[in-house]
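What the coordinates show
Listed below are the residues making up each chain.
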Amino acid sequence: MSISVSNISKSYKNVTALQDISFEVKKGELFGLIGPDGAGKTTLFRILTTLLFADKGSAIVANYDVVKDYKSIRNSVGYMPGKFSLYQDLTIEENLNFFATIFGTTIEENYDLIKDIYIQIAPFKDRKAGKLSGGMKQKLALCCALIHKPEVLFLDEPTTGVDPVSRKEFWDMLKRLQKKDITILVSTPYMDEAELCDRIALIQDGKILEIDTPESIVKHYPKPIYNVSANNMYQLINSLNAYEFNHSVYPFGEFVHYTDSRTDFNPEDLKAYLKTKKLSNIAIEITKATIEDTFMELAK
Amino acid sequence: MLPIIFVLPLLQLIILSNAATFEVKNIKFGYIDNDHTSTSRALIAQFNASAYFNVLTNFPSEAVASAAMLKGEVDVVLEIQQYFERDLQKEKHTSLGVTINAIDGAAAGVENVYVTQIIQRFNKHLKVDLFSPSDKQVQPINIETIPLFWYNETLNYKTFMVPGILVLLVTMITLFLSGMNIVREKEIGTLEQINVTPIKKSQFIIGKLFPFWVIGMGLLTIGLIIAKLIFDVPMLGSLPLMYVYTSIYILVVLGIGLFISNFTDTQQQAMFIAWFFTVIFILMSGLFTPIESMPKWAQILTEFNPIKYFVEVMRMVMLKGSGCMDILPQLLKTLFYAVIMNGLAVWSYKKTT
């Protein structure tokens, strides 16, 4: 096991950040922590990277206890905080050199690990880190977190505020790193990224709702789910919310994801109802549940 | 940033040392001459001749003089009563009225001394002029004191102030920079990244503080050069001794700065606390006001003031030429302070958040 968390709880003055959290991450796994802002993801990262003490429970990272062997952990993990935390007044190369030095290594020694990522930012290596774009900052931060060849990589919301193209590139990089036997724990508020992980934990209000592979989590969705569309989105949502048999109504892109509370649900009934609400172009078809649907259902 | 660190304090040294003077000059002087005799005019002439007084007006009455003082037009009013000359000659005794604006008590005291000195000098000449030889037997014996001002013979104010202001600059710059530095890392978030690295507490702290130690020593060097070139302050003592003391002193200041940054979360908070302590330390350092004239409790408090020791040492070494043994008490206290402050700072610095 690369990471093993058992019964961790943590509260700040009167806010409970984490409540009895337990999970395990296998070696070489890409594990995702999925949850909205304020779910406790960053607190969990801080505990696992030895920056914070848990109130209760214990955790083991790369076979070291986070409290007793914190010094060894700092040598063998890479951490990329959610907020850009490199020296903005140093250039790309200087930042990388600096972090290599404090980990007692050199860029050359582990260059093969960061090569793929570094060549993308290498043309700007004399530019100050503060002057980089969001995507480049993330790539640099990832390089710095990898420079000492860590066994476990912690990435706290690495793609928040990054454009879609860079996000995709970033995930491709993570997939490649995983092949080099690095365990990756990544948190994200984006449900679409969840499907790229090997396993995910859905977390909300400091509690884990479910842990499984993205495919199984979706299969757990208890009800058939329908895409509903009509000419007037706003009125459609209002009408569905007012419908007496509704179970859940969530806008989802150009559709509304709808589930019904009855087991013998007939879409024609709903269509008839919506027509009485003066909606036209009504389309109702069954669809597959996504992780977002599952999350919403579990978080209810 | 680096030019600012060096240029501003040195401008401050030059401006402050020239402008912030305790010498009371250009005193606005007015008089009411009710006598109108040659003696009274001679007395006024004495004031006119003095470099300290600007003789402005001859007030017709006391009421006009009071009104002028109220408006701030005059600082000192001398009132010569009627029959001033006659009384002097007949009764060998008379009195003068002196009114001084004492809103600034210290200045009023100095002005009083100047006025008294001029009148005394006038008095001495008068004795020679007025007394006839037959009076010689009854002439009182006069004791005259001739002061000799050691270590600052000409009572040059700048000689006294420049070493003190230099202390102030070295202290302020190093305290503010070190106090804000680690807080700044907290603010930008770089500290979080650093804390996850295997870097040791002591390595990090030394790495953070050493540049400021160098800057402090650099400031001292440039300040001393300016003191010599522009103000011609005497440097009697040994320069290496001054550097040895300063190098220990800066450690104290850096320790305080680090301590502050451990207990604050933003640069604003750090700045505020650093200011609070610097103002207290400076006003209680003996830089501007002598410690001997402070109340007993305040004198005890100054024992904990590192700036006090630095001011003392700078003045002793530069002006008096004190040697290592003379400043040993200050040196030991500062060293003790440095150990305590840095110990506290390192102890309170946590690599966890």
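Residues numbered from 1 in each chain as written. Chains lettered and ligands numbered in written order. Predicted model: local features only at pLDDT ≥ 70, side-chain atom pairs only at ≥ 80, totals over all residues.

A tally of regular secondary structure across chain A gives eleven helices and 14 strands. Its C-alpha atoms give chain A principal-axis dimensions of about 70 × 45 × 35 Å. A fraction of 70% describes how many contacts in chain A between residues 6 or more apart in sequence connect residues 24 or more apart. (Helix = DSSP H or I, 4+ residues; strand = E, 2+ residues; numbered from the N terminus. Contact = placed C-beta atoms within 7 Å.)

Here the focus is the sheet that holds strand β1 (residues 27–33) of chain B. All names here are of chain B. Strand order in the open sheet made by the four strands is β2-β1-β3-β4, with mixed pairing throughout. Of all strands in the sheet, those bounded by a partner on one side alone are β2 (53–58) and β4 (96–100). For this sheet, the mean inter-axis angle between neighbouring strands, taken without regard to orientation, is 25°. Examined bridge by bridge, β1 and β2 share five bridges and lie parallel to one another. Looking at the pairing, Gly30 lines up with Thr57 of β2. (Pairing = 2+ DSSP bridges. Axes fitted to C-alpha atoms, helices over the stretch in contact; angles between N-to-C directions.)

Here we take up the domain arrangement of chain A. Residue and element names in this part refer to chain A. Looking at the assigned domains, one finds that chain A contains domain 1 (3–219) and domain 2 (225–298). If you look at the interface, domain 1 gives ten residues, while domain 2 gives seven residues. At the level of elements, α7 (191–194), β10 (207–212) and α8 (214–219) are the ones that each hand at least two residues to the side of domain 1 that touches domain 2. In terms of residue count, α8 provides more of the side of domain 1 that touches domain 2 than any other element does, three residues in total. In terms of residue class, the side of domain 1 that touches domain 2 is built from eight nonpolar, no polar and two charged. (Domains from an automatic or database assignment. Nonpolar A, V, L, I, M, F, W, Y, C, P; charged D, E, K, R; others polar.)

When cut into domains, chain B gives domain 1 (24–138) and domain 2 (154–348). When each unit is reduced to the centre of its C-alpha atoms, the spacing between domain 1 of chain B and domain 2 of chain B is 48 Å.

Bringing the interface of chain B and chain A into the picture now. Each partner contributes residues to the interface: chain B has twelve residues there, and chain A has 18 residues. With four residues, the top contributor of residues to the side of chain B that touches chain A is helix α7 (residues 190–195) of chain B. Residue composition of the side of chain B that touches chain A, grouped by class: four nonpolar, seven polar and one charged.

Moving on, we come to the packing of helix α6 (residues 157–188) of chain B against helix α10 (residues 267–283) of chain B. Residue and element names in this part refer to chain B. Two elements in contact, α6 and α10, have axes whose closest approach is 9 Å; the angle formed by their N-to-C orientations is 160°. Between α6 and α10, the angle is such that the two are roughly antiparallel. In this structure, α6 crosses over α10, and the sense of that crossing is right-handed. Note on element contacts: α10 touches α6 through Gln267, Ala270, Met271, Ala274, Thr278 and Ile282, opposite Leu168, Thr171, Met172, Leu175, Phe176, Gly179, Met180, Val183, Arg184 and Glu187. (Parallel < 35°, antiparallel > 145°, perpendicular 65-115°, else oblique. Left-handed = near helix turned anticlockwise from the far one by under 90°.)

It is worth spelling out the pairing of β1(B) at this point. Residue and element names in this part refer to chain B. The buried fraction of β1 is high, at five of seven residues. A crossover connection joins β1 to the parallel β2 through helix α2 (residues 38–49); in handedness this β-α-β unit is right-handed. Across five bridges, the pairing between β1 and strand β3 (residues 76–80) is parallel. Bridged to Ile32 within β3 is Glu79. (Buried ≥ 20, exposed ≤ 12 C-beta atoms within 10 Å, placed from the backbone. Right-handed = clockwise from strand over helix to strand, strands pointing away.)

All names here are of chain A. Strands sit in the order β6-β7-β8-β3-β9-β10 across an open sheet of six strands; the sheet is mixed. Edge strands, defined here as strands with exactly one partner in the open sheet, are β6 (77–80) and β10. Taking each pair of neighbouring strands and ignoring which way they run, the sheet shows an average axis angle of 15°. Summarising the sheet, β6 and strand β7 (residues 152–156) pair through four bridges and their orientation is parallel. Looking at β7, one finds that Met80 is bridged to Leu155. Packing against the sheet, helix α5 (residues 134–146) makes contact with β6 and β7, and its axis sits at approximately 160° to β6. Lying over the sheet, helix α6 (residues 164–179) contacts β3 (30–34), β7 and β8 (183–188), oriented at roughly 155° with respect to β8.

What follows deals with helix α13 (residues 328–348) of chain B. Residue and element names in this part refer to chain B. Here α13 spans 30 Å end to end across 21 residues, near enough to the 30 Å set by a 1.5 Å rise per residue. Every buried residue of α13 is listed here: Gln330, Thr334, Tyr337, Ala338, Met341 and Ala345. Considered in projection along α13, the buried side chains sweep an arc of 110° and stay on one side of the axis. Of the exposed residues in α13, those oriented more than 90 degrees away from the buried face are Leu328, Pro329, Leu332, Phe336, Ile340, Gly343 and Trp347. (Expected span 1.5 Å × (residues − 1). Arc of directions from axis to C-beta.)

All names here are of chain A. For Ile147, the position within the fold is in the loop between α5 and β7. Note on Ile147: 27 C-beta atoms within 10 Å, which makes it buried. For the pair Ile147 and Asp112, spaced 35 residues apart in sequence, the C-alpha separation works out to 9.9 Å. With near-sequence residues (within four places) excluded, Ile147 lies in contact with Leu96, Phe99, Ala100, Phe103, Thr105, Ile107, Asn110 and Ile114.

Turning our attention to unusual backbone geometry. Residue and element names in this part refer to chain A. Although it is not a glycine, Asn7 sits at a positive phi angle of roughly 50°. Relative to the assigned elements, Asn7 resides in strand β1 (residues 3–12). In this structure Asn7 comes out as partly exposed when scored by C-beta crowding, with 13 C-beta atoms within 10 Å.

What follows is about α2(B). Residue and element names in this part refer to chain B. Look at α2: 16 Å from first C-alpha to last across twelve residues, which is about the 16 Å you get at 1.5 Å a residue. Listed as buried for α2 are Ser40, Leu43 and Phe47. Looking straight down α2, one finds that the buried residues subtend no more than 60° of arc, so they occupy a single side. Across α2 from its buried face, at more than 90 degrees, point the exposed residues Ser38, Ala45, Asn48 and Ala49.

Right, let's get into the packing of helix α8 (residues 201–229) of chain B against helix α9 (residues 239–262) of chain B. Residues and elements named next belong to chain B. Contact geometry of α8 with α9 gives a least axis separation of 10 Å together with a crossing angle of 135°. In terms of orientation, α8 lies oblique with respect to α9. By crossing handedness, the relation of α8 to α9 is classed as right-handed. Mapping the contact onto sequence places Ile205, Leu209, Phe212, Trp213, Gly216, Met217 and Leu220 in α8 and Thr246, Ser247, Ile250, Leu254 and Leu258 in α9. Looking at the contact of α8 with α9 residue by residue, the classes come out as nine nonpolar, three polar and no charged.

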